[in-house]
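Observations on the model geometry
Each chain, written out:
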Amino acid sequence: MYSDAGAAFVSDVSPLLKLTDEQDVVGFQLTCCKEGEWTKTDTFMLLDGLEFADTQQVLASYIVFKRNWTSIAFVSQWLAYAQDPRALTDEPSTLSVLPQPNSSSSSSSSSSSNNREITRQLSSLKGKLQDHRHDQSIFSLLYKKWRFKAHPIPSQYGRKGTAALPYPQIILHHRELN
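Since we're looking at a predicted model, the values are computed, not measured.

Once that is clear, we can look at the overall build of the protein. Along the backbone of the protein there are seven helices and six strands. Mapped from its N terminus to its C terminus, the protein presents α and β elements in the order β-β-α-β-α-α-β-α-α-α-α-β-β. Excluding contacts between residues fewer than 6 apart, the proportion of contacts in the protein whose partners are at least 24 apart in sequence is 77%. Per element, the accessible surface of the protein, about 9,700 Å² overall, is 53% carbon and sulfur.

This part covers the nonpolar core. Formed by 20 residues in total, the largest nonpolar core has its most connected members in Val25, Phe74, Trp78, Ile138, Phe139 and Tyr143. Elements supplying a minimum of two residues to this core: helix H3 (41-46), strand E4 (56-65), helix H4 (69-82) and helix H7 (134-145). In terms of residue count, the dominant contributor to this core is H7 (five residues). Non-local contacts of Val25, meaning those with residues more than four positions away in its chain, are made with Ile63, Val64, Phe65, Ser71, Phe74, Phe139, Tyr143 and Phe148. By size, the runner-up hydrophobic cluster in this structure holds 15 residues, among which are Leu59, Tyr62, Tyr167 and Ile170.

What follows covers the packing of H4 against H7. For the pair H4 and H7, interaxial distance at closest approach is 10 Å and the crossing angle is 135°. Considered as vectors, H4 and H7 are oriented oblique to each other. Seen along the crossing, H4 lies across H7 with a hand that is right-handed. Side by side, H4 and H7 meet where Phe74, Gln77, Trp78, Tyr81 and Ala82 of the first sit next to Asp135, Ile138, Phe139, Leu142 and Tyr143 of the second. Of the residues that constitute the contact of H4 with H7, the class distribution is eight nonpolar, one polar and one charged.

Let us look at H7. A rise of 1.5 Å per residue sets the reference length of H7, with its twelve residues, at 16 Å; its end C-alpha atoms lie 17 Å apart and thus fit the reference within 8%. Restricting attention to buried positions, one finds in H7 the residues Gln136, Ser137, Ile138, Phe139, Ser140, Leu141, Leu142, Tyr143 and Lys144. Arg147 lies just past H7 and shows a positive phi near 65°.

Spatial ordering of the open sheet is given by E1-E4-E3-E5, a layout of four strands whose pairing is mixed. Whereas interior strands pair on both sides, the edge strands pair on one side only; in this sheet they are strand E1 (2-3) and strand E5 (150-152). Bridge analysis of strand E3 (residues 25-34) against E5 gives three bridges, and the strand direction is parallel. Of the residues in E5, the one forming a bridge with Gly27 is Ala150. Across the sheet, H4 lies against E3 and E4, angled at about 125° from E4, the strand it touches most. Its contacts with the sheet place H7 against E3, E4 and E5, and it is angled at close to 90° to E4.

Note on terminology: disulfide describes a covalent bond linking the sulfur atoms of two cysteines. In total, this model carries one disulfide according to the counting rule given. Each disulfide pairs two cysteine sulfurs, and for Cys32 the partner residue is Cys33, the sulfurs being separated by 2.3 Å. Here the S-S torsion is close to -70°, and the disulfide linking Cys32 with Cys33 is therefore left-handed. Residue class for Cys33 comes out buried when judged on its relative accessible area of 1%.

Counted under the stated rule, the structure contains nine aromatic pairs. Between the aromatic rings of Phe74 and Trp146, the centroid separation amounts to 5.4 Å while the plane-to-plane angle is 85°, which identifies the pairing as edge-to-face. With Phe74 in helix H4 and Trp146 in the loop between H7 and E5, the pair connects residues that are 72 residues apart, well separated along the chain. A relative accessible area of 29% places Trp146 in the partly exposed class. With a centroid separation of 5.5 Å and 40° between ring planes, the pair formed by Phe139 and Tyr143 is classed as tilted. Taken together, the residues Phe139 and Tyr143, both in helix H7 and four residues apart, mark about one turn of the helix.

Conventions adopted
Residues numbered from 1 in each chain as written. Predicted model: local features only at pLDDT ≥ 70, side-chain atom pairs only at ≥ 80, totals over all residues. Heavy atoms only, no water. Helix = DSSP H or I, 4+ residues; strand = E, 2+ residues; numbered from the N terminus. Contact = heavy atoms within 4.5 Å. Areas by Shrake-Rupley, 256 points an atom, 1.4 Å probe, with all protein chains shown as cover. Core = buried A, V, L, I, M, F, W, Y, C linked by side-chain atoms within 4.5 Å. Buried < 20%, exposed > 50% of the residue type's maximum accessible area, 1.4 Å probe, protein only. Axes fitted to C-alpha atoms, helices over the stretch in contact; angles between N-to-C directions. Parallel < 35°, antiparallel > 145°, perpendicular 65-115°, else oblique. Left-handed = near helix turned anticlockwise from the far one by under 90°. Nonpolar A, V, L, I, M, F, W, Y, C, P; charged D, E, K, R; others polar. Expected span 1.5 Å × (residues − 1). Pairing = 2+ DSSP bridges. Disulfide = S-S within 2.5 Å. Phe/Tyr/Trp six-rings, centres within 6.5 Å; stacked < 30°, edge-to-face > 60°.

And the structure:
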């Protein structure tokens, strides 16, 4: 289990560990923060994650892992992307289209159509970015690409709303979410 320094456990973590019976990496769903508002363009482009721009981010402040080859591969991929300053840092984005492999004329129509769709998606992001969430943005996009299910936040921030949660508050998060 990983936890940021800004979080403290206030009750038994067993319900969170039990979630690894269903999947090898367990993340928690933010309800405040869409990817397109908290992930810079280069990160979307490098991770081929534009399809997730209108989805809520997955929190990286606390994560549960089942130690096995799947979780090790996931964390290795997360680390690899985090070592690319274009994905991790606040440097201005420079990528506007995905690099296209050399292709024959029969597939150039498909590439052109893909580029138009990417351009449309990028245009829809203009002016929405509030801030870049660095390793959390990378984690969140990868989490979705790996098709893991996000769970309710086990801190006081997950207590907001009226839906019954599958576990009590387990973590006290000492800073604001986003």
